[in-house]
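# Report on the structure
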Amino acid sequence: MTIVTGAGGWLGRAMSRELATAPERVRLSMLNFGERAQASAIAPNAEVLVGNLLDSGALEALMAGAEGADIIHAASVIHPAEISDFERINVGITRSLVEAAVLSNARRFIYVSSNSPFGFNPTSEDVFRSNDAYSPYLGYGRSKMEAEMITKTLAETDVEFVIIQAALVLRGFQPQRQSEFFSTVRKGRFPVIGDGEQPSLDGVG
């Protein structure tokens, strides 16, 4: 079985679409009934659970029968109503899920993190590496850093863990502002950021 948290988000919906044809059971977790309708349309064969994972009952339902499961944890808050939500949601839910994964004897825990725990590149020539020291950017970056550290405690258990430090994910459900940004790139009208000296992905400025 594959369990996906945050399945109603733009990344979660993209993952749900990819998992829709998976031969094994898929369980999708989202926060509200509007998201349920979207998820059901994208992955009609999936089991859809609506609930707040801060609720012990919702968490218990999500993890029921999760022995041997793969858990993809993509739920998080980027623009919280209150700063304390970073700790309560991004860190607290991750901690609860990690503990539940161990108790359930899950097979693998995949945490969708961010580049924000590493902050900014020291120079325009520098690139991020997976073993770089943390230097979190604002409250969001700190919360994702703390959630990564909680995920790494799985190294002391039988649950395999993976941390994906995604800088940007595009798969068809992203906000319109990001679609417009990449549309300009496709048309050869890439907006210049700073002095334009940032290196490209192949190392050529």
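Residues numbered from 1 in each chain as written. Predicted model: local features only at pLDDT ≥ 70, side-chain atom pairs only at ≥ 80, totals over all residues. Heavy atoms only, no water.

### As for the overall build of the chain
- Across its full length, the chain carries six helices and six strands.
- Per-residue burial for the chain yields a buried fraction of 39% across its 205 residues.
- The long-range fraction of contacts in the chain, counting pairs at least 24 apart against all pairs at least 6 apart in sequence, stands at 61%.
- Total accessible area on the chain stands at roughly 11,900 Å², and carbon and sulfur atoms take up 54% of it. (Helix = DSSP H or I, 4+ residues; strand = E, 2+ residues; numbered from the N terminus. Buried < 20%, exposed > 50% of the residue type's maximum accessible area, 1.4 Å probe, protein only. Contact = heavy atoms within 4.5 Å. Areas by Shrake-Rupley, 256 points an atom, 1.4 Å probe, with all protein chains shown as cover.)

### Notes on the packing of aromatic side chains
- Tallying each qualifying case throughout the model produces three aromatic pairs.
- When the ring of Phe118 is compared with that of Tyr134, the centres are 5.5 Å apart and the planes differ by 25°; the resulting orientation is stacked. With Phe118 in the loop between strand S5 (108-112) and helix H5 (138-152) and Tyr134 in the loop between S5 and H5, this pair connects stretches of sequence that are 16 residues apart.
- Phe118 sits in the buried class, given a relative accessible area of 6%. (Phe/Tyr/Trp six-rings, centres within 6.5 Å; stacked < 30°, edge-to-face > 60°.)

### Details of the packing of helix H4 (residues 84-104) against H5
- With their axes 9 Å apart at the nearest point, H4 and H5 run at an angle of 10° to one another. The orientation of H4 with respect to H5, classified from their angle, is roughly parallel. On the side of H4, the interface is formed by Phe86, Glu87, Asn90, Val91, Thr94, Arg95 and Val98, while H5 contributes Gly139, Tyr140, Ser143, Lys144, Glu146, Ala147, Ile150 and Thr151.
- Counted by class, the contact of H4 with H5 contains six nonpolar, five polar and four charged residues. (Axes fitted to C-alpha atoms, helices over the stretch in contact; angles between N-to-C directions. Parallel < 35°, antiparallel > 145°, perpendicular 65-115°, else oblique. Nonpolar A, V, L, I, M, F, W, Y, C, P; charged D, E, K, R; others polar.)

### Overview of H4
- When the terminal C-alpha atoms of H4 are compared, their 29 Å separation across 21 residues agrees well with the 30 Å that a helix rising 1.5 Å per residue should span.
- Taken as a whole, H4 carries its principal kink of about 30° at Gly92.
- Phi turns positive, to about 60°, at Asn105, one or two residues after H4. (Expected span 1.5 Å × (residues − 1). Bend = angle between axes of the 7 residues up to and from the residue.)

### Points about the sheet that holds S5
- Taken in spatial order, the six strands of this open sheet run S3-S2-S1-S4-S5-S6, and their pairing is parallel. Only two strands of the sheet have a single partner each, and these edge strands are strand S3 (47-50) and strand S6 (160-164). Mean inter-strand twist for the sheet, computed between neighbouring axes without regard to direction, equals 15°.
- Across four bridges, strand S2 (residues 26-30) lies against S3 in parallel orientation. Each bridged residue has a counterpart across the sheet, and for Leu28 the counterpart in S3 is Val48.
- Strand contacts of helix H2 (residues 33-42): S2 and S3, with the helix running at about 170° to S3, the strand carrying the most contacts. (Pairing = 2+ DSSP bridges.)

### Concerning the nonpolar core
- Ranked by size, the top nonpolar core spans 26 residues in total, and within it Ile3, Met63, Ala66, Ile71, Leu97 and Phe109 carry the most contacts.
- Contributing elements (two or more residues each) for this core: helix H3 (56-63), H4, S5 and H5.
- Top contributing element to this core by residue count: H4, with eight residues.
- Other than its neighbours up to four places away in sequence, Leu97 contacts Thr5, Leu59, Leu62, Met63, His73 and Phe109. (Core = buried A, V, L, I, M, F, W, Y, C linked by side-chain atoms within 4.5 Å.)

### Quick notes on the pattern of salt bridges
- A complete count under the given rule lists six salt bridges for this structure.
- Where Arg108 meets Asp70, a salt bridge forms, and the shortest distance between an N and an O atom there is 3.6 Å. Linking Arg108 in strand S5 with Asp70 in strand S4 (residues 70-73), this pair joins segments that are 38 residues apart in sequence.
- Given the relative accessible area of 19%, Arg108 is considered buried.
- Owing to a relative accessible area of 15%, Asp70 belongs among the buried residues under this scheme.
- Here the salt bridges do not stand alone but share partners, grouping Asp70, Arg107, Arg108 and Glu160 into one network. (Salt bridge = Lys/Arg side-chain N within 4 Å of Asp/Glu carboxyl O.)

### Considerations on H3
- When H3 is considered as a whole, its buried residues turn out to be Ala58, Leu59, Leu62 and Met63. Down the axis of H3, the buried set is contained in an arc of 125°. They therefore lie on one face. Turned more than 90 degrees away from the buried face of H3, the exposed residues are Ser56 and Glu60.
- Considering only its buried residues, H3 is in contact with strand S1 (2-5), S2, S3, S4 and H4.
- Just past H3, the residue Gly65 takes up positive phi, approximately 70°. (Arc of directions from axis to C-beta.)

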